[in-house]
Amino acid sequence: MSNDSSHLRFDVPQDGSGRRLDQLVAERLPGWSRSAVKRLFAEGRIHVGAAGHRLHRAAKGFRATAGQVVRIDLDGAPSAGADTPAVADSDGPLHVVLERQDLVVVDKPAGQPCAPLRPDETGTLANALVARYPEMAVVGFRPSEPGLCHRLDNDTSGLVLAARSPSSFQRITEALRDEQLQKRYLLLCAEQGLPDRGTIDAPLRSHPRDRHRVIPGDPDSPDSRRRGRAARTAFRVLQRHAGLALVEVRVSKALRHQIRAHFASIGHPLAGDRIYRSTLADTLGRHALHAS
């Protein structure tokens with residue numbers, strides 16, 4: 001078995017032949033709940049195949065064969081933290097912008113994950129939050145995400161809202177769900193051909209072959225997976241300079257990669273966004289998106 005922060009690989013042992021793949025995966029992820037393992041399959045993060053050959057996406061009911069290779073993709077998994085509490089880590093970066101009795105707003109640096117992928121992982125925003133605010137340990141969607149009301153991509157910098165009590169968490173998440181809160185972002189993209197303001201209204205779905213990307217869905221498809229989820233991104237250009245546009249984006253809900261995928265879909269991928277194939281110079285060492 002081999003693993004790093006983004007994936008885990010193992011060979012199916014002799015006594016694993018004929019067993020359900022979801023059972024074998026669960027044994028390699030101690031501390032993960034059955035529902036968390038199920039989500040990995042649903043999101044297309046489990047691949048299996050013969051050694052030395054291309055691996056293919058597997059369903060949870062797949063029966064394994066001894067000697068097959070299994071890959072579990074963990075990078076960016078929104079539900080990958082399982083049900084194991086985040087470890088308190090006072091050495092992790094934590095820049096508090098606003099602190100109240102019911103909530104805090106923190107400025108997450110680019111490169112810091114919001115929550116751990118593994119039970120023993122440290123250095124994430126969740127680890128730092130529970131170290132400074134131990135009361136958050138019982139607040140949130142799951143123990144691995146203490147206090148977090150929403151999340152940002154690893155390489156997106158900016159403001160994250162965290163609750164300090166269950167009642168505050170409920171109020172904030174309900175407001176987010178009901179689109180009563182507005183999120184604003186700043187981004188850089190190519191300015192040529194970009195209107196001064198506009199709205200990108202297009203559903204988004206997972207890419208069928210590339211787990212790292214999302215793409216516009218087909219709103220007329222009878223298949224819900226092909227239709228995708230509704231997404232709306234409003235923007236206005238704040239400044240144009242040297243071929244770049246500084247753009248303010250407003251969203252009430254933000255799906256995974258929504259802003260990045262929407263701007264790529266209109267021919268303006270964010271500067272430095274390799275996943276969405278930006279041709280602009282990568283001067284930041286990451287995509288140019290900040291939750292302001």
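Attention in this report is confined to the structure presented alongside it. (Residues numbered from 1 in each chain as written. Predicted model: local features only at pLDDT ≥ 70, side-chain atom pairs only at ≥ 80, totals over all residues. Heavy atoms only, no water.)

## Let's talk about the layout of surface pockets
The gaps left among the atoms become clear once a water-sized probe is rolled over them.
At step 1: The calculated volume of the second largest pocket comes to roughly 320 Å³.
At step 2: Forming the boundary of the second largest pocket are 14 residues, of which His150, Leu159, Leu161, Gln182 and Lys183 lie nearest the centre.
At step 3: If you list the elements that add at least two residues to the lining of the second largest pocket, you get β8 (157-163) and β9 (183-190).
At step 4: Looking at the lining of the second largest pocket residue by residue, the classes come out as nine nonpolar, three polar and two charged. (1 Å grid on protein atoms, 1.4 Å probe; cavity = no way out; pocket = protein on both sides within 12 Å on 5 of 7 lines; lining within 4 Å. Points joined across faces, edges and corners; volume = space filled by probe spheres on them. Helix = DSSP H or I, 4+ residues; strand = E, 2+ residues; numbered from the N terminus. Nonpolar A, V, L, I, M, F, W, Y, C, P; charged D, E, K, R; others polar.)

## Notes on the pattern of salt bridges
At step 1: For the coordinates displayed, the defined rule picks out 18 salt bridges.
At step 2: Between Arg28 and Glu27 there is a salt bridge, with the nearest N and O atoms lying 3.8 Å from each other.
At step 3: Residues Arg240 and Glu191 are paired through a salt bridge, measuring 2.9 Å at the closest nitrogen-oxygen approach. Taken together, the residues span a long stretch of sequence, with Arg240 in strand β13 (residues 232-241) and Glu191 in the loop between β9 and β10 (197-201) at a distance of 49 residues.
At step 4: On the basis of relative accessibility, which here comes to 32%, the residue Arg240 falls in the partly exposed class.
At step 5: The exposure class of Glu191 is partly exposed, given its relative accessible area of 23%.
At step 6: Ionic contacts of the salt-bridge type, sharing partners, join the residues Arg184, Arg236, Glu248 and Arg250 into one network. (Salt bridge = Lys/Arg side-chain N within 4 Å of Asp/Glu carboxyl O. Buried < 20%, exposed > 50% of the residue type's maximum accessible area, 1.4 Å probe, protein only.)

## A short note on the side chain of Thr173
At step 1: Its place among the elements puts Thr173 in helix α4 (residues 166-177).
At step 2: In this structure, Thr173 is in contact with Phe141 and Cys149, ignoring residues within four places of it in sequence. (Contact = heavy atoms within 4.5 Å.)

## Examining the sheet that holds strand β7 (residues 103-108)
At step 1: Spatially, eight strands are ordered β6-β7-β8-β15-β9-β14-β13-β10 in an open sheet, and the strand pairing comes out mixed. Of all strands in the sheet, those bounded by a partner on one side alone are β6 (96-99) and β10. Averaged over all pairs of adjacent strands, the angle between their axes in this sheet comes to 25°, without regard to strand direction.
At step 2: Alignment of β7 against β8, held across six bridges, turns out to be antiparallel. Bridge assignment links Val104 to a residue of β8, and that residue is Ala162.
At step 3: Helix α3 (residues 125-132) rests against β6, β7 and β8 of the sheet, and its axis sits at about 140° to β7.
At step 4: Relative to β8, α4 is tilted by about 130°, and along the sheet it contacts β7, β8 and β9. (Pairing = 2+ DSSP bridges. Axes fitted to C-alpha atoms, helices over the stretch in contact; angles between N-to-C directions.)

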